[in-house]
Amino acid sequence: MSDHFPQERIKAFLILGAPGSGKGTQGKVLGSIPRFHHLACGDVFRSLDTRTPIGQKFVEYSSRGELVPDDVTVQLWHANLKQRIDAHMFKPEIDFLVLDGIPRNVEQAKYMEPHIEVLKVFHLSCPDRTELARRLRKRALKDNRFDDANESVIQQRFATYEAETKPILEYYAGDRILDIDASQAPAKVLYDIIGGVMELKEWKELEKMKV
Ligand SMILES: Nc1ncnc2c1ncn2[C@@H]1O[C@H](COP(=O)(O)OP(=O)(O)O)[C@@H](O)[C@H]1O
């Protein structure tokens, strides 16, 4: 743990959902609102130089639809977050952190527990896997995502989500989970997320600070 890292736990929202459920779309919009800072673990991985050992690990695992090992992932997350704090892009005293794609299993959630206070988990739920696969295929063409291009990799990503990521919902079980229908229009999903934020006492306190 670095000295520059805040002593207090960082107030965070988690966006959780299967591949294609719209985590990135919602996270980006939310992150464009003052006092919300979006950090997408997948984007951090994709920004790595693929010639480096860690960049190669990312290509190796993500192209199979599997998770990158936890030690590498949490170290990268930690270092990336510290950079954002040091560069004053993210101000933990006044900003909420919007995490998308991390934690992706219970082990990662446990590691992150001393560092973040999870205020709410937005679970973008879409049981219709055919719809999600359709969205992923569309994205693969547009964004050059090699992990979305192939049918068996898509199916493996769903299986990884069911086996490893979904148990996070039990880890945070209780009032903190807000289930949102991810098959709705993106604007409606955002409306539901914002509604969940506005109910929180932490939001009301921030509003009073007028920062
Ligand atoms: N927290 C994480 N732990 C391990 N691997 C991760 C994590 N976040 C991203 N990855 C790797 O990056 C890939 C792409 O992630 P991401 O862009 O979040 O996908 P999506 O938004 O479609 O769910 C994952 O399939 C996985 O291999």
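Residues numbered from 1 in each chain as written. Predicted model: local features only at pLDDT ≥ 70, side-chain atom pairs only at ≥ 80, totals over all residues. Heavy atoms only, no water.

S.K.: Explain the pairing of strand β2 (residues 36-40) residue by residue, including any values.
M.R.: Within β2, 5 of the 5 residues are buried, which leaves the element mostly enclosed by the surrounding structure. Residues Phe36, His38 and Ala40 of β2 are buried on one face, and the alternating residues His37 and Leu39, pointing to the opposite face, are buried as well. (Buried < 20%, exposed > 50% of the residue type's maximum accessible area, 1.4 Å probe, protein only. Helix = DSSP H or I, 4+ residues; strand = E, 2+ residues; numbered from the N terminus.)

S.K.: Just give me the short version of the pattern of salt bridges, but keep the residues and values in it.
M.R.: All told, the structure shown has 18 salt bridges when counted by the stated rule. One salt bridge in this structure joins Glu151 and Arg137, with 2.7 Å as the shortest N-O distance. Placement of the pair is Glu151 in helix α7 (residues 151-165) and Arg137 in helix α6 (residues 129-143), with a sequence separation of 14 residues. We classify Glu151 as partly exposed; its relative accessible area is 39%. The exposure class of Arg137 is partly exposed, given its relative accessible area of 35%. Asp148 is paired through a salt bridge with Arg139; the nearest N and O atoms lie 2.8 Å apart. Residue Arg139 is classed as partly exposed on the basis of its relative accessible area, which comes to 26%. The network of salt bridges with shared partners includes Arg139, Arg145, Asp148 and Arg157. (Salt bridge = Lys/Arg side-chain N within 4 Å of Asp/Glu carboxyl O.)

S.K.: Can you break down the packing of aromatic side chains residue by residue, with the values?
M.R.: One pass over the full model with this rule turns up 7 aromatic pairs. An angle of 50° between the planes, with centres 5.1 Å apart, marks the rings of Phe13 and Phe96 as tilted. Linking Phe13 in strand β1 (residues 10-17) with Phe96 in strand β3 (residues 96-100), this pair joins segments that are 83 residues apart in sequence. Taking the relative accessible area as the measure of exposure, Phe13 reaches 0% and is therefore buried. In this structure Phe96 comes out as buried when scored by relative accessible area, which is 4%. For the ring pair Phe13 and Phe122, a centre distance of 5.7 Å and an interplane angle of 40° mean the geometry is tilted. Of this pair, Phe13 sits in strand β1 while Phe122 sits in strand β4 (residues 116-125), placing them 109 residues apart in sequence. Three or more aromatic residues joined by ring pairs form one cluster here, namely Phe13, Phe36, Phe96, Phe122 and Trp203. Looking at Arg64, its charged tip hangs above the ring of Tyr61, at a distance of 5.0 Å from the centre. (Phe/Tyr/Trp six-rings, centres within 6.5 Å; stacked < 30°, edge-to-face > 60°. Lys NZ or Arg CZ within 6 Å of the ring centre and 35° of its normal.)

S.K.: Could you give me a rundown of the side chain of Thr160, with the residues and numbers involved?
M.R.: Looking at where Thr160 falls in the secondary structure, it is placed in helix α7. Overall, the relative accessible area of 6% leaves Thr160 in the buried class. If we skip the residues at most four places from it in the chain, Thr160 touches Gly65, Glu66, Leu67 and Thr165. (Contact = heavy atoms within 4.5 Å.)

S.K.: Describe the nonpolar core, and please don't skip the residues or the numbers.
M.R.: Grouped together as the largest cluster of nonpolar side chains are 57 residues, with contacts concentrated most on Phe13, Leu81, Leu99 and Ile116. With residues up to four places along the chain from it excluded, the contact list for Ile116 reads Arg9, Ile10, Ala12, Leu14, Trp77 and Leu99. (Core = buried A, V, L, I, M, F, W, Y, C linked by side-chain atoms within 4.5 Å.)

S.K.: Tell me about helix α9 (residues 186-198), residues and numbers included.
M.R.: End to end, α9 covers 18 Å across 13 residues, agreeing with the expected 18 Å (1.5 Å per residue, within 8%). Along α9, the positions that sit buried rather than exposed are Val189, Leu190, Ile193, Gly196 and Val197. Relative to the axis of α9, the buried residues are bounded by an arc of 120° and lie together on one face. Seen from the open side of α9, the exposed residues pointing more than 90 degrees away from its buried face are Ala187 and Tyr191. (Expected span 1.5 Å × (residues − 1). Arc of directions from axis to C-beta.)

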